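Chain and residue survey
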Number of protein chains: 2
Amino acid sequence: MSLTPRQLSAITLGEALTLLAGVPLGRIVFTDHALPAVRPASHVVDEGQIVVRTHDGSPVLAHDTSAVPARGRDEDTVIAYQADSVDVGDRTGWSVVITGTATLVTDPARIARYADTLPPWTAAEGGLIRLRPGIVAGYRLVS
Amino acid sequence: MSLTPRQLSAITLGEALTLLAGVPLGRIVFTDHALPAVRPASHVVDEGQIVVRTHDGSPVLAHDTSAVPARGRDEDTVIAYQADSVDVGDRTGWSVVITGTATLVTDPARIARYADTLPPWTAAEGGLIRLRPGIVAGYRLVS
């Protein structure tokens, strides 16, 4: 394993969405009872937004849940979504974090569409969330 | 790709630390300016605690940073650390989330030790953090 320090090279929003679209898994990051919380999730990039499905039965955004929206319970919730692809041996790869407002997907037509393109992995499905990108941060590890 | 729903099987603290110790990378989850924040990191499990090194130059816990400790600026900060290993084709694997109080590693002897066992990947190293496990949540995806 090389110990040569890597450089961080920032990536743009378009590049971030392209990289994100190329992997099936990420992690949804939110606030739960004022504590930082994170769960693995799967996603698709659709019309410039990120549609995320959680798999562990814990709703991240449901109105009757304990998740505390960062801007008040009646408004959209701010969440972050992170994905990466790293070659540990080579110490190269990328990481992307999208922070933005999220809403539950409630439209039956969209729910049906994502049942095909973004199927749940478990019976304990926690919710289908649409994330509108606000802050996009990403970098590549390059030698 | 099989579409058979998987089951979630909870794992214990000991099992979680063993799984975590078996992978080099995870993600550190914290609160920054009241927003959910996440960064890739590397870690070792040492004496039952998780030692985490960030790689992007943004301090997570430094006292002069913008990170907002969940329990007041002078006390330990609550963070979460997540790692997973998932076979996408098979839809099996595991995910672990450790939530607990974190402190910066400042002892020179420990810093020197972790320089060997947990070397920084980039010149833009953000900090060496010691996480005392509080809440441990983890599951396996099983068929």
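Here the structure is shown first, and the text comes after it.
Quick caveat, the model's predicted, so the values are computed rather than measured.

About the cut-offs
Residues numbered from 1 in each chain as written. Chains lettered and ligands numbered in written order. Predicted model: local features only at pLDDT ≥ 70, side-chain atom pairs only at ≥ 80, totals over all residues. Heavy atoms only, no water. Helix = DSSP H or I, 4+ residues; strand = E, 2+ residues; numbered from the N terminus. Buried < 20%, exposed > 50% of the residue type's maximum accessible area, 1.4 Å probe, protein only. Areas by Shrake-Rupley, 256 points an atom, 1.4 Å probe, with all protein chains shown as cover. Pairing = 2+ DSSP bridges. Contact = heavy atoms within 4.5 Å. Buried area = accessible area lost by both parts, 1.4 Å probe. Salt bridge = Lys/Arg side-chain N within 4 Å of Asp/Glu carboxyl O. Polar contact = N/O pair within 3.5 Å; in protein donor to acceptor, adjacent residues only side chain to side chain. Nonpolar A, V, L, I, M, F, W, Y, C, P; charged D, E, K, R; others polar.

When helices and strands are tallied, chain A shows two helices and seven strands. The buried share among the 143 residues of chain A stands at 51%. For chain A, the exposed area adds up to about 6,300 Å²; of that, 54% sits on carbon and sulfur atoms.

Residue and element names in this part refer to chain B. Here strand β5 (residues 77-87) lies mainly inside the structure; eight of its eleven residues are buried. The pairing of strand β2 (residues 25-32) with β5 spans three bridges and is antiparallel. Looking across to β5, one finds that R27 is bridged to Q82. Of the strand pairs in this sheet, β5 and strand β6 (residues 92-104) are connected by eleven bridges, and their pairing is antiparallel. Note on β6: the bridge partner recorded for T77 is A102. What sits between the antiparallel neighbours β5 and β6 is a turn of four residues, in which R91 has the positive phi angle 55°.

Position of V60(B) among the secondary structure elements: in the loop between β4 (49-54) and β5. Residue V60(B) is classed as buried on the basis of its relative accessible area of 2%.

Further remarks concern the interface of chain B and chain A. The partner chain A presents 39 residues to the 39 residues of chain B that form the contact. The largest per-residue losses of area from chain B upon contact with chain A belong to P36(B), V38(B) and W121(B), which jointly make up 23% of the total buried on that side. Here chain B is connected to chain A by two salt bridges. As a salt-bridge pair, D84(B) and R27(A) come within 3.0 Å of each other at their nearest N and O atoms. There are four residue pairs in polar contact (both at pLDDT 80 or more) connecting chain B and chain A. Among the secondary structure elements, those contributing two or more residues to the side of chain B that touches chain A are β2, β3 (35-46), β5, β6 and β7 (127-142) of chain B. With six residues, the top contributor of residues to the side of chain B that touches chain A is β5(B). Of the residues belonging to the side of chain B that touches chain A, the class tally is 28 nonpolar, six polar and five charged.

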